[in-house]
Every structure is written in structure tokens, then in C-alpha cells.
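Fold and contact review
Residues per chain, in single letters:
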Amino acid sequence: MAGAGTAKAPKFLYNAWYVAGWSADLVPGARVARTFLDLPIVLFRTQGGQAAALEDRCCHRALPLSFGTVDGERIRCSYHGLEFNVEGQCEKIPAQDRIPSTACVRRFPLVERDALLWIWMGDIDLADASRIPDHPWHCDPRFTWKSHHFDVRGNWELLIENLMDLSHLPYIHARTIGGNPDLHFGVKTQAVRDGDNVRVSRYMPDSEPPPTYKAAKHFAGTIDRWQEIEFQPVLIRINTGACDAGTGAYDGARDHGFSMIGFHGITPETAATTHYFWSIATDAVAPGVPEQIFQQTADTFREDQEVLELQQLRISADPDRPLLDIASDVGSRQARQVLHRLMKAEQHDMQVAA
Amino acid sequence: MAGAGTAKAPKFLYNAWYVAGWSADLVPGARVARTFLDLPIVLFRTQGGQAAALEDRCCHRALPLSFGTVDGERIRCSYHGLEFNVEGQCEKIPAQDRIPSTACVRRFPLVERDALLWIWMGDIDLADASRIPDHPWHCDPRFTWKSHHFDVRGNWELLIENLMDLSHLPYIHARTIGGNPDLHFGVKTQAVRDGDNVRVSRYMPDSEPPPTYKAAKHFAGTIDRWQEIEFQPVLIRINTGACDAGTGAYDGARDHGFSMIGFHGITPETAATTHYFWSIATDAVAPGVPEQIFQQTADTFREDQEVLELQQLRISADPDRPLLDIASDVGSRQARQVLHRLMKAEQHDMQVAA
Amino acid sequence: MAGAGTAKAPKFLYNAWYVAGWSADLVPGARVARTFLDLPIVLFRTQGGQAAALEDRCCHRALPLSFGTVDGERIRCSYHGLEFNVEGQCEKIPAQDRIPSTACVRRFPLVERDALLWIWMGDIDLADASRIPDHPWHCDPRFTWKSHHFDVRGNWELLIENLMDLSHLPYIHARTIGGNPDLHFGVKTQAVRDGDNVRVSRYMPDSEPPPTYKAAKHFAGTIDRWQEIEFQPVLIRINTGACDAGTGAYDGARDHGFSMIGFHGITPETAATTHYFWSIATDAVAPGVPEQIFQQTADTFREDQEVLELQQLRISADPDRPLLDIASDVGSRQARQVLHRLMKAEQHDMQVAA
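Calculation notes
- Residues numbered from 1 in each chain as written.
- Chains lettered and ligands numbered in written order.
- Predicted model: local features only at pLDDT ≥ 70, side-chain atom pairs only at ≥ 80, totals over all residues.
- Heavy atoms only, no water.
- Contact = heavy atoms within 4.5 Å.
- Buried area = accessible area lost by both parts, 1.4 Å probe.
- Salt bridge = Lys/Arg side-chain N within 4 Å of Asp/Glu carboxyl O.
- UniProt positions renumbered as here; feature names shortened; annotations may be inferred.
- Helix = DSSP H or I, 4+ residues; strand = E, 2+ residues; numbered from the N terminus.
- Least-squares fit on C-alpha atoms with pLDDT ≥ 70 in both.
- Core = buried A, V, L, I, M, F, W, Y, C linked by side-chain atoms within 4.5 Å.
- Buried < 20%, exposed > 50% of the residue type's maximum accessible area, 1.4 Å probe, protein only.
- Polar contact = N/O pair within 3.5 Å; in protein donor to acceptor, adjacent residues only side chain to side chain.
- Nonpolar A, V, L, I, M, F, W, Y, C, P; charged D, E, K, R; others polar.
- Pairing = 2+ DSSP bridges.

- The name an unreviewed UniProt entry assigns to chain A is Aromatic ring-hydroxylating dioxygenase subunit alpha, from the organism Sphingobium psychrophilum.

**Thoughts on the interface of chain C and chain A**
- Tallying the contact residues gives 25 residues for chain C and 25 residues for chain A.
- Regarding the contact of chain C and chain A, the summed buried area is about 2300 Å², with carbon and sulfur atoms giving 59% of it.
- Inspection of the region where chain C meets chain A yields five salt bridges.
- Arg61 of chain C serves as the salt-bridge partner of Asp329 of chain A, at 3.4 Å between the closest nitrogen and oxygen.

**Details of the UniProt feature "domain: Rieske" (unreviewed entry) in chain A**
- Within this structure's numbering, the places UniProt gives as "domain: Rieske" (unreviewed entry) are residues 18–119 of chain A.
- Note that residues 18–119 of chain A is 0% helix and 43% strand, and that its end C-alpha atoms are spaced 5 Å apart.

**Some details on the relation of the copies chain B and chain A**
- Superposition of chain B onto chain A requires a rotation of 120° combined with a translation of 0.0 Å along the rotation axis, giving an RMSD of 0.1 Å. Between the two chains, the operation in question is that of a three-fold axis.

**Details of the nonpolar core**
- Core analysis: the largest hydrophobic core is formed by 85 residues, its most contacted members being Phe84 of chain A together with Leu43, Ile119, Trp156 and Ile160 of chain B.
- For this core, the element with the most residues is helix α5 (residues 289–317) of chain B, which contributes eight residues.
- The residues contacting Ile119 of chain B, other than those within four sequence positions of it, are Ala16, Trp17, Tyr18, Ala20, Phe36, Ile41, Leu43, Ala53, Phe108, Pro109 and Leu110 of chain B.
- Counting 84 residues, the second-largest nonpolar core is a separate cluster that includes Leu65 of chain B together with Leu169, Ile229 and Met260 of chain C.

**Details of the interface of chain B and chain A**
- Facing the 25 residues of chain B at the interface are 25 residues of chain A.
- Roughly 2300 Å² is buried in total at the junction of chain B and chain A, and carbon and sulfur atoms are behind 59% of that figure.
- Considering only the surface of chain B that becomes buried against chain A, Tyr171, Arg314 and Leu324 of chain B emerge as the three largest contributors, covering 33% of it.
- At the boundary of chain B and chain A, one finds five salt bridges.
- Note that Arg61 of chain A and Asp325 of chain B form a salt bridge whose closest N and O atoms lie 2.5 Å from each other.
- Counting across the interface, chain B meets chain A through 13 residue pairs in polar contact (both at pLDDT 80 or more).
- Elements with a contribution of two residues or more to the side of chain B that touches chain A: α1 (156–164), α2 (169–172) and α5 of chain B.
- For the side of chain B that touches chain A, the element with the most residues is α5 of chain B, which contributes seven residues.
- Of the residues that constitute the side of chain B that touches chain A, the class distribution is 13 nonpolar, four polar and eight charged.

**Focus on the sheet that holds strand β3 (residues 39–45) of chain B**
Residue and element names in this part refer to chain B.
- The four strands are arranged β2-β3-β4-β9 in an open sheet whose pairing can be described as antiparallel. Of all the strands in the sheet, the pair left with one neighbour each is β2 (31–36) and β9 (107–108).
- Judged from the six bridges that link them, β2 and β3 form a sheet pairing that is antiparallel. Bridge pairing links Ala33 to Val42 in β3.

Shown next as C-alpha cells:
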């Protein structure tokens, strides 16, 4: 975390796909104001159904376009009526025939996929939609899922770190899903880096099913449990679940078991605040269980949110002060190393270009 | 607007008469704390009826004098009892015989005229009360008027710009007085500069009377309408109205018609906030019409206020970023040019003097 | 007050014992977060009864330890479970055998005496508990006392100044204990410096007992009154009271009279905010009188608090602007001179050491 908030170190990774929201946030005609990487953005959907992202600032008198209205395929500023298309080009200035080429606002590539809106805040020439991570569980009929959006008053790396190291469960979540500390620390954790991805896994073969698991699925006896955390810039997925012991879960045969797939879209709003777009999907079908899983997840994430905000208070007071790493930080440290390497390389490229 | 909020460009015009409030704000014994041009001021009225303006900071221990009390012809600090006259000179220090000449607070010329309080924040030697703009409608028995005071979280130039260009009516005020955009843009607008004054006018001869006009006055048929906006540093008056078509309204014969005179006192509080002292006067006499006009005006100005505050958010985030001018900005651009020329000249004079 | 808040002048006196709170604030297992001299501190009491003060920031991921829990003789961080003893040394890191010597948080000497918690924020080698001021009235069975804690949004020197100069009574406290200004200013005030202590005294021999005094004690006729204010870094005691006239009060024979002992622990939170830990002790025994004295004192101090916060607004706006001294400032000026001399000497020593 050292360096977060300082002037010279890069604050953000620009050339990456970030979650901008949920597709369902934007019905036709809707506009939503959100700040990403310190830039105010208006997300809107035209009457024809196209989702778009523009800088949320009219080029004429700086009024946020999100205060305007969507009319057909354009968004109209509510001050003097300038109209912009989804590319950010002005197509109408009332009482003026000629529209100068400078009458435009910056547009940001926005792609809808798997019920998510993905935005590209960096160099537009590098935006490659084929590199957007898939999340098939949002489209898989065997899975039930629900989503949420938290605004966290903490730096994005604090949230990444929180999710990459679940050894905090017995402490932060003592009142919810925490359980016995000794159980958590008795299990070996493996962290593996693969390019820009980091994968942390913990396996608990032949163990007792906890209450949620029993409610979700009938297990014959002991179970083979897994916890798999996968980071790629900038997204974390956490796959947890179990199958009957000895039925091949660790070789990939999991369809007969119980799974929960957590999706964690982590998008910096500013250096000190973060959009947290998350969902939880499960193949549990027992009545009431998916709802219970969603509620428990939401309660748990609120506990994390409080911790992140308290950390940020202390870090903001002295941003460059070093912190002590401990053994269980292995996964989060690798994720931060990937991020910092990418941010430095990007900063270097921008300096060379400038 | 470029330059608003930057360090080197002047933020305010000092040598000008500004509206400090309404005479009615100050009953004898009252004191009111207001900040003008970044300086905290106490306005008060002595028991003898004299209105005065002093810096709102006791020279002894910096307590605001507005927290004190008016006693006779003096204002007394509520901490240790120092008493100051309307010139800002200390006339009593409890338990101390000699009053040093340094025991004084800065005074600001304050003049009452036409139910308004006018303050001079600049060089006291240049304060010339004969240059205070008249506003006879506040004293004309043929006119009914009401006044208000809004605190706007936006730069003063944003408000000037808003009032100098009424092409925003169909957009900001679509729900109130806006009307059809095409009607507004079909009318030719003229902007004329005369010294430091800027006058914008729009005439709609032989047109249909809108509902408010019909309620205010019986018109025989079509009407000759006018909209006249006049800027002088730092005040805007907007005169709108109509007479029966062809009865001489455009040659000055308007006594037989219907008029609304808007007064807009625009006084910077800080670089990002503005005091907006406004009144609306009308010669309409139909029962309920003046009240309706006042209410409609207040509703409309609240809509403007919201827009100004949103603009300021974006401008504060990047104060020097240029904005695009469009054709309908002609009047507001001239007003800003006058202001910027005066501010630069004043800044130059102050640098020469220093 | 000149210089308060500036960058180069020292803001605080570090090598001094400050009141951190009341012993009663900390039951076993309790932890309290407070900022002193810009540093966030956690005060806690172990199950064994030991009160301690540590920096309120875990060395691992900066979470405030005050968000954690006290377990036995340690405080445990609620994020990943690190445990620290009262010396700030980490004694447990879950899932890690070796604890590095760098795993510690800064501890601050904390001493309990006379129902108060005293903290040392400076050089730990200079912390000498024998220099903690005594306040025997908190332990004297002849005295009844009550305590309170105000958070004041004003610089600590403003509060010192307020208490060292009671000539403000007829103005700030006109509605409560103020009384007639002439009475206050007719009495001679003496200010004497003795090393780092400053003592201000006012004596009113053979005077009429005011209502509170009559309610507190039966006096035969006129009384010999005293007001004694004593400053030592950083604490003020105000001893007020009276005996029957001519019975030796001014020679120290006061046991037969009526006394009120005000304790004022003044601890900077930041340069612009102050912890105000105060108590009032009295030997009055008439039913209801001690309660009435406490209530009156609390009401009075709230009036002072409002004044201090308004002063701070003006001072923060222009921290280096000089203020005018008047005759009644003699005591407060001496106290500030002591403080500024100590702060400068300390700053010099730190620069030499660095």
C-alpha cells in the first residue's frame, strides 16, 4: 500500500477494462453520473438501446450532461440545449447553423457483456474488447445470482488486498461467517502467479460440512471443500464450494456439488474511494438458500467496508509510511506487485509518448 | 469563465458598489454577518438608525463582532467588551483608560438607497456614492415588488452569464416558464455595449400574449413584447413586458402596458459562492397576479441556482480548462469582457501603487 | 496567539504531561480512540486493570487498534488478529511462528493519578512521572466533585487565554454568572510568574456574598473573597471562594469557608481543536449546592466554547495576522510567553538532535 496517494507514484492503472456498472442500471433513456479514476462520467442508454459513456461535462458551459435528458439517440444538455451522440459529437446547437468540430465531449469505450458494463478509461487505441474477462455464471441457467454496488471510502488496493487474503475471516467476520480461527489457519494456502493473474487456493479435503453447506445441498458425509481466489487486473473472482468427499472435486468434477461464485468488480473512483460492484451466484436450489447466501454476503461485505474505511483514515494521514507484511499476505502482495508493475510500465509509456 | 478560481488572475472587482443586502434586513440594533469578496463583514444598524459595515473581527482577540451587541451608536464585542463606533474606532476598553489609536477595525462605506444597502469593498478614497445605480421601481407607487436573497454555491460570473443569455429558458425552465424552444430562437437578439454597460434586447412585435400576460392585463388583441437586459458592474436589470400592438412600446410609450422589472444584485461571497439579492417589480394590478409573478420568479431562480452549482462543481475540478462559446453567448461574453478589463486594470493599479 | 497554525512555528509542546482522560473512562476491556497533538492514540485497560496508550494504527495494515478487542493483557487487531501487549510489542501473528522485532506499535507513557490519566507525547526518555501535577481535591473526602470532557473546535492557546483572563465574565457570561461589569473591573488583578508557572489573583475583602455563596454556606456578614488562577504547562487550576471577613482567608486559613476548585486539563487534539477535560470540586455541603455548581459551570463553559470556536474561524482564515493586546491580558500573555519559550527550546533541541 506504500505510495498510495503520493504525488509521483501512479495512482491508477488506465489501460484496463473496469466495471462501470450493471446493465440493469441503465434502462432506455436513463443516465447515471459516476466518477472513475478521478474523471466524472455520464453513463446513458439511448432510446434505441445503445449504452454509452461520455465525460460528464458539457463543452459549452461545463454543466454535467447527467443533469440533461436522453432524446432518441442523443443526450441533450439541460442548460442551452446542445445535443451529443454516443460518440460525443455535438449534433445540434440551438440557434446556430454551423457546428464547430471542437463541439464535442470525450467518449469512453463502453461494452456490455454478461450483464455487466465495462469501461475503458485509458488510451482509446488500446481498447480491445476481446480482453474483457468473461463471467459466464451471470448467463448460466443453473446459477441464481444477485448483484450490488457499494461505494467504499477506501483506496482500491485496500479492497483487492482484503479479498486476496481470507485469513481475516475469523476477525472481521467473527459475528457473521468467521468461525474458529484455528480452523482457518490449519489449512495450507497456495498462491501462484500466471502472467498478470494471481491465483490463491485453499483445499479442505474430507472435512465436516458447515451449516450453510448442509442447508444448500444434501451431502452423504464428509466433503472435499475448495476456496479459489483469482485476481486479474482489475477483477477478483472467489469460487468456494464442496462435493462429497472423494468424488473428484479437486480434478474438476464439481457439477454434482455446491458452488458459490463471487464476482468483485473493483473500480477506483478517486485515490481514496472505490466503486465495488459485486455479485454472488450459486447452484444451490434448496428453497431460501440463494436468498440467504446473498444476504450473508452483503452483511459480510459491509463489515469489510467499515474496515477499509478505517484503514484509509490512517493511510491518508501518512500515505508513504511503510507497513509490515506478514506470512498470510502472500496472495495480496503478488496482486499488488502485478498492479504496480503494470502502472509503472504504463506511466513510462506515457512519459515516452509525451 | 476561463481563469475563474486561478491564483494569478484577479478573482474579484474591488472598486465597485455591491449590494450588501436589503434595508429591511437591518432593524435598529440588528447585526448581520455576511462575507463579501472573501472578507467577513458585520452589517449593523445603531439604535439611532445608522446602518454601518465593519470587518467582522474584533482587533483584540478576533471574535466576530456580529456575535456582539449593538448598544446605542456602538457595537460591543461579546468577549471582553470593547466598543466600536460606526467608523470602526474603539471608544471603550473596559478597565483601561487609554485607548490606543491601533484599537480599530476596518470600516466599509455603506449607503442606503432604493431600499437597498450598497457596500464598497475597494479603495475607500475611490468610493463615490453618486455612482450607485438608481433603481426607482423600488420607490414607485405604481409598482408592487418583493425581494429575496439566495446563497448560490457558484462563482458570480456564472450568475451574470446565466442572466445575460435567456436562450436557456426552454431548457432549464422547461417545467416552469420555458415554453417552446423554437419560439425563443426565432427572435433576433441584439447586444450593444455602451462604456461599461451591456444591453441585450429582444423584441417580439405583433405576437400572441402568453397566459401570464393575459392574466395581468386586458389586451385588445396581439401585443408588442420586449425583453431588455442591462448589465452594469455589478448589477443586472431585466425589463420584460408588452403593450397592445402598434401603440408605441418600441418608442418608449409603455405606461399603458404591462411590465416586470427584475433587479439582480450579484455580490461575490468567495470565488466559488455568490450572494444573489433579487427583486421583481410589476405594474400589474389584477388580483393575485403580483403574488403569482413573485412565486414564479422564485421557482425559476431556484432552477438556475441548481444549474450554477453543478457547473461550479465541474469548473472547480479544473478551473483553467477552456470552454466553448456559442452564438447565443454574445451578451454574456461582452459582460465578461467588461468585467475582466476592469479587474485587470484595477489589479495593475494596485501593483503600481504597491 | 500570533503564529498559531503557521508552518514554521512549533504547533505543540511535546515534552509535557497532558491529561488523556479520566480514569473512569476506562473500565477493564475498554478501548478509547483519541487524537493528541495530531497523533491518533488508543487508550485501553487490560482485564488485569493496567491502563495503556499505544499509537492507534496496527503496524500491519494500519487498521485502528481501537476497532479491535482487549483480550487478557493484550489488544488484538480486528483485521488479521495481531496481538500487542501494553508496551506495544506484538506477541502473536496468526499462522506465523516467528514474530519479527519490527512488529510493534509506538507506546506512550500513561500514568493514573488523582482519577486522571496523564499521557506523555514527547521524548520517552524525558518522561518523569514525578513531575505530574498533583490534584489532591479529587481524593479529598471533604470535597464533592464532578468531571466532564468537551471537544473544542479551537486552538489550545485560545482556551488557556480564556481561563487566564476572567475579565470576560460580564460579557460572555452575561446570561449566566457574569454579573455587573463595574464590579469586575473595580478589583485589582495581580499576575506573578514563578518559573514556568503563572499565578493570577484577585481579592475582594469585606464584600457582599453573592447568591451562590449564600446558598453554599452560612456567612455571618461580609466576606473576604478570592479568585486564584494558576497555570503550569499544561494545566490551569482556578480556586475561588470566601471566608467570613477578617478570619484569615488571605493568610491561608480557609477551612472554615467555601471553596470551588476548577481543574482544567487542556490537551491539543490538532492545531485547531482541543480536548478540554475539566472538573469542579467544592466543599459546600448544603443540599443541592454541589449539583447546582456543576450545572452552572457546565453552562458557563459551553458559552466559552462557542466563543473559542468563532475566534478560531477568524484566526484560521489569517493565522499570522497580529492581534491587539489590552491591559487585562497580562495573565494570559505571561502564560503564552512561557509556552512559546518552552516550545522554541524544545524545537531547538530536536533540531540539534536531528
